[in-house]
Amino acid sequence: MCSLSSTDRNSHQDKAAENAKDYELRQYETAKWVSTVIRGESQKEAMRQGFWKLFHYIQGKNERETKIDMTVPVTCLVKSGCTDFKISFFVPFDHQDSPPQPTDSDVFVEERKAAAIFVRSFGGFASPEKYAEEAEVLARTLRNRGQPFHEDFFYTAGYDSPFKLFNRHNEVWYFKK
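Residues numbered from 1 in each chain as written. Predicted model: local features only at pLDDT ≥ 70, side-chain atom pairs only at ≥ 80, totals over all residues. Heavy atoms only, no water.

Peer 1: Please set out the nonpolar core residue by residue, giving values where relevant.
Peer 2: Among soluble globular proteins, nonpolar side chains are generally buried collectively. Counting residues in each nonpolar core, the largest one holds 29 residues, and the members touching the most others are Val34, Ile87, Phe118, Leu138, Leu142, Val172 and Tyr174. Secondary structure elements with two or more residues in this core: strand 3 (31–39), helix 1 (43–58), strand 4 (74–79), strand 5 (84–90), strand 7 (115–122), helix 2 (128–144) and strand 9 (170–175). Here this core gets 5 residues from one element, more than from any other, and that element is helix 2. Beyond its immediate chain neighbours, meaning those up to four positions away, valine 172 contacts Phe118, Val119, Arg120, Phe122, Tyr131, Glu134, Ala135, Leu138, Phe154 and Tyr155. Membership of the second largest hydrophobic core comes to 15 residues, among which are Val72, Phe90, Ala115 and Trp173. (Core = buried A, V, L, I, M, F, W, Y, C linked by side-chain atoms within 4.5 Å. Buried < 20%, exposed > 50% of the residue type's maximum accessible area, 1.4 Å probe, protein only. Helix = DSSP H or I, 4+ residues; strand = E, 2+ residues; numbered from the N terminus. Contact = heavy atoms within 4.5 Å.)

Peer 1: Give me helix 2: which residues, what numbers.
Peer 2: Between the first and last C-alpha of helix 2 there are 24 Å, a value that for 17 residues agrees with the 24 Å anticipated at 1.5 Å per step. Taken as a whole, helix 2 has its buried residues at Pro128, Tyr131, Glu134, Ala135, Leu138, Ala139, Thr141 and Leu142. Axial view of helix 2: buried residues confined to an arc of 165°, hence all on one face. Exposed side of helix 2, more than 90 degrees from the buried face: Glu129 and Asn144 are the residues found there. Trailing helix 2 by a residue or two, glycine 146 shows a phi angle of about 70°, which is positive. (Expected span 1.5 Å × (residues − 1). Arc of directions from axis to C-beta.)

Peer 1: Go over the state of the cysteines, please, and point to the residues and values.
Peer 2: Covalently bonding the sulfur atom of one cysteine to the sulfur atom of another cysteine gives a disulfide. Within this structure, the stated rule accounts for 0 disulfides. With no disulfide of its own, cysteine 82 lies 10 Å from the sulfur of cysteine 76, the closest cysteine sulfur. Residue classification places cysteine 82 among the partly exposed residues on the basis of a relative accessible area of 27%. (Disulfide = S-S within 2.5 Å.)

What follows is the structure, encoded as structure tokens:
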């Protein structure tokens, strides 16, 4: 199961709205995320580049030169037929009111509005192909159950360090319409 629960201090908070066998519906509150968009690369390369840009931000490459705790999940916005990927870190609760502004012009703080999100969880090391496969399973399940969702994009969500070998936790998210 998940090594970090939604009650951990540095994890985006959710409320389980519905649990099904193949997925759950979560209600996420409005929150700030620090993000970067990587264009024209493979998803794997975009995740690598994006992660390091955001890691430098939390290591002090920001207007206050403040070190910020690492958070989970690390998300990646995947749009159908698009080679732009938005990689994001959740801003910890103690910085939500006033996160330091990035000094890298490719990094930005954004506010994601409250949303109902369909979530499918899976283990192991997640490749872009595995995320796409799991997203398709979730999309098919939602369609079969008549659940309305935004089909033109999904998010990947990773919860573990690359050094964690066992009991890994990954997710794909579709936003409810």
